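Letter by letter, the chains look like this.
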Amino acid sequence: ELAPRDMLGDLDRAKIVITNYHAFMLRERMQVSSGGRRLLEGRSGESLNTLETEGQMLQRVMPDLMSMKNVLVLNDEGHHCYREKQTKDDEGTLRGDERVEGNKNSDAARVWITGLETVRRKIGVRQVIDLSATPFFLRGSGYAEATLFPWTVYDFSLMDAIECGIVKLPRVPVSDNIPGGDMPMFRNLWEHIGSDLPRAGRRKAGSLDPSQAAGASPDRAGRALRSLQDRLPRVARRGHTRAALLHRRMQQHLHVQAGVRLHIGIHSWER
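This is a predicted model, so every value here is computed, not measured.

1. Some words on the overall build of the chain
Moving on, step 1. Of the regular secondary structure elements, the chain holds 10 helices and four strands.
Moving on, step 2. Secondary structure elements of the chain occur, N-terminal to C-terminal, as α-α-α-β-α-β-α-α-α-α-α-α-β-β.
Moving on, step 3. Here the chain, with 271 residues, has 26% of them falling under the buried criterion.
Moving on, step 4. Across the chain, every contact between residues at least 6 apart in sequence was considered, and the portion connecting residues at least 24 apart equals 66%.
Moving on, step 5. By element, 52% of the accessible surface of the chain is carried by carbon and sulfur atoms, the whole surface being about 20,000 Å².

Here you go:
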């Protein structure tokens, strides 16, 4: 329906391969135990290479393209495909979870871009087109995080996508739409209230009051629960059975008093 009838014949001639970047990882051609490997290596100790070659990898991943030349590559989620910067001056030193995340991003990007470079050497690549909603460098790339890719040629904004009906209108919790933070509190509520809640279960903790558990801030846990309770009936009216069931249970276990104290009948405040 999208292509003119006189071009359908050309489309039928196209060879299309859809694959995941993990497929570019070289695999073992044979399974050899550690004892068997030492035996085969012998006294010389020369390392036994059982990995497939680049040509064998391409034959496995894209056999239909082996006779082709200068293929077109479309990278979906292309912000995961780049060659990392050798020096990390722009990014600085990563520690803890940031370092773990950075290493994970770098490993994935290295496998992806190395696979495409192999395709270019062995088969030939006419052009590579990256498609991404977030066309910028990730943590661990060596570049400053969120730096826009220098090869970006077209930017289709979120507002354009909403107006065209491609993307739904984002919903932001109204009761959490308060300036003062970089990220809405409801996005990850546990980070804001977890350390203030009692570690013992409900039986040992006695009567729980989220307005007190939230510390000096004004009833963060209670505000989240009220927003959820307000949202569930509207979702339930659309026919969502699980939302209706959850709303009835919240009505049974949620009691709001004049002082906006919320007593929640859940099994435990523990995560």
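2. Side note on the environment of Leu 74
Moving on, step 1. Tracing the chain through its elements places Leu 74 in strand E1 (residues 71-76).
Moving on, step 2. Leu 74 sits 57 residues away from Leu 131 along the chain, and the two C-alpha atoms are 7.3 Å apart.

3. Some thoughts on helix H4 (residues 96-122)
Moving on, step 1. With 27 residues, H4 ought to run about 39 Å at 1.5 Å a step, and its terminal C-alpha atoms sit 39 Å apart, in line with that.
Moving on, step 2. Among the residues of H4, those classed as buried are Gly 102, Asn 105, Ser 106, Ala 108, Ala 109, Trp 112, Ile 113, Gly 115, Leu 116, Thr 118 and Val 119.
Moving on, step 3. As for H4, its buried residues are in contact with helix H3 (54-61), E1 and strand E2 (125-131).
Moving on, step 4. Positive phi shows up at Gly 124, right after H4, with a value of about 110 degrees.

4. Digging into the packing of aromatic side chains
Aromatic ring pairs are described here by two measures, namely the spacing of the ring centres and the angle between the planes.
Moving on, step 1. Within this structure, the stated rule accounts for seven aromatic pairs.
Moving on, step 2. Ring plane angle 90 degrees and centroid distance 4.8 Å describe the contact between Phe 137 and Phe 149, whose orientation is recorded as edge-to-face. Highlighted residues: Phe 137 in the loop between E2 and helix H5 (158-163) and Phe 149 in the loop between E2 and H5, separated in sequence by 12 residues. Like Phe 149, Phe 137 is buried.
Moving on, step 3. Between Phe 149 and Trp 151 the ring centres are 4.5 Å apart and the planes differ by 15 degrees, which places this aromatic pair in the stacked class.
Moving on, step 4. Judged by relative accessible area, Phe 149 falls into the buried class, the value being 4%.

5. A look at the pairing of E2
Moving on, step 1. Bridge analysis of E1 against E2 gives six bridges, and the strand direction is parallel. Bridge assignment links Asn 75 to a residue of E2, and that residue is Asp 130.
Moving on, step 2. Viewed along the sheet, the connection from E1 through H4 into E2 turns out right-handed.

6. Structural notes on the nonpolar core
Moving on, step 1. Judged by nonpolar contacts, the single largest core of 15 residues is most densely connected at Phe 24, Met 62 and Val 119.
Moving on, step 2. When sequence neighbours within four positions are dropped, the list of residues in contact with Val 119 reads Phe 24, Leu 58, Met 62, Val 71, Gly 124 and Val 125.
Moving on, step 3. Grouped together as the second largest cluster of nonpolar side chains are five residues, Ala 109, Phe 137, Leu 138 and Phe 149 included.

7. Section: the packing of H3 against H4
Moving on, step 1. For the pair H3 and H4, interaxial distance at closest approach is 11 Å and the crossing angle is 100 degrees. Considered as vectors, H3 and H4 are oriented roughly perpendicular to each other. Residues Glu 54, Met 57 and Leu 58 of H3 lie in contact with H4, whose contacting residues are Thr 118, Val 119, Arg 121 and Lys 122.
Moving on, step 2. When its residues are assigned to classes, the contact of H3 with H4 shows three nonpolar, one polar and three charged.

8. A few points about the pattern of salt bridges
Where side chains of opposite charge bring their charged atoms close, a pairing between them can arise.
Moving on, step 1. Applying the stated criterion across every chain, the model contains eight salt bridges.
Moving on, step 2. Where Arg 60 meets Glu 52, a salt bridge forms, and the shortest distance between an N and an O atom there is 2.5 Å.
Moving on, step 3. According to the relative accessible area criterion, Arg 60 is partly exposed, its value standing at 29%.

9. Details of a nonpolar patch on the surface
Moving on, step 1. A cluster of nonpolar residues, Val 153, Tyr 154, Phe 156, Leu 158, Ile 166 and Val 167, forms a patch on the protein surface that exposes about 680 Å² of accessible area.
Moving on, step 2. Within the secondary structure layout, Val 167 lies in the loop between H5 and helix H6 (189-193).
Moving on, step 3. Judged by relative accessible area, which is 33%, Val 167 ranks as partly exposed.

Conventions and cut-offs
Residues numbered from 1 in each chain as written. Predicted model: local features only at pLDDT ≥ 70, side-chain atom pairs only at ≥ 80, totals over all residues. Heavy atoms only, no water. Helix = DSSP H or I, 4+ residues; strand = E, 2+ residues; numbered from the N terminus. Buried < 20%, exposed > 50% of the residue type's maximum accessible area, 1.4 Å probe, protein only. Contact = heavy atoms within 4.5 Å. Areas by Shrake-Rupley, 256 points an atom, 1.4 Å probe, with all protein chains shown as cover. Expected span 1.5 Å × (residues − 1). Phe/Tyr/Trp six-rings, centres within 6.5 Å; stacked < 30°, edge-to-face > 60°. Pairing = 2+ DSSP bridges. Right-handed = clockwise from strand over helix to strand, strands pointing away. Core = buried A, V, L, I, M, F, W, Y, C linked by side-chain atoms within 4.5 Å. Axes fitted to C-alpha atoms, helices over the stretch in contact; angles between N-to-C directions. Parallel < 35°, antiparallel > 145°, perpendicular 65-115°, else oblique. Nonpolar A, V, L, I, M, F, W, Y, C, P; charged D, E, K, R; others polar. Salt bridge = Lys/Arg side-chain N within 4 Å of Asp/Glu carboxyl O. Patch = residues over 30% accessible without salt bridge, like charges linked within 9 Å, V, L, I, M, F, W, Y side chains within 5 Å.

Nothing here speaks to function; it is all geometry.
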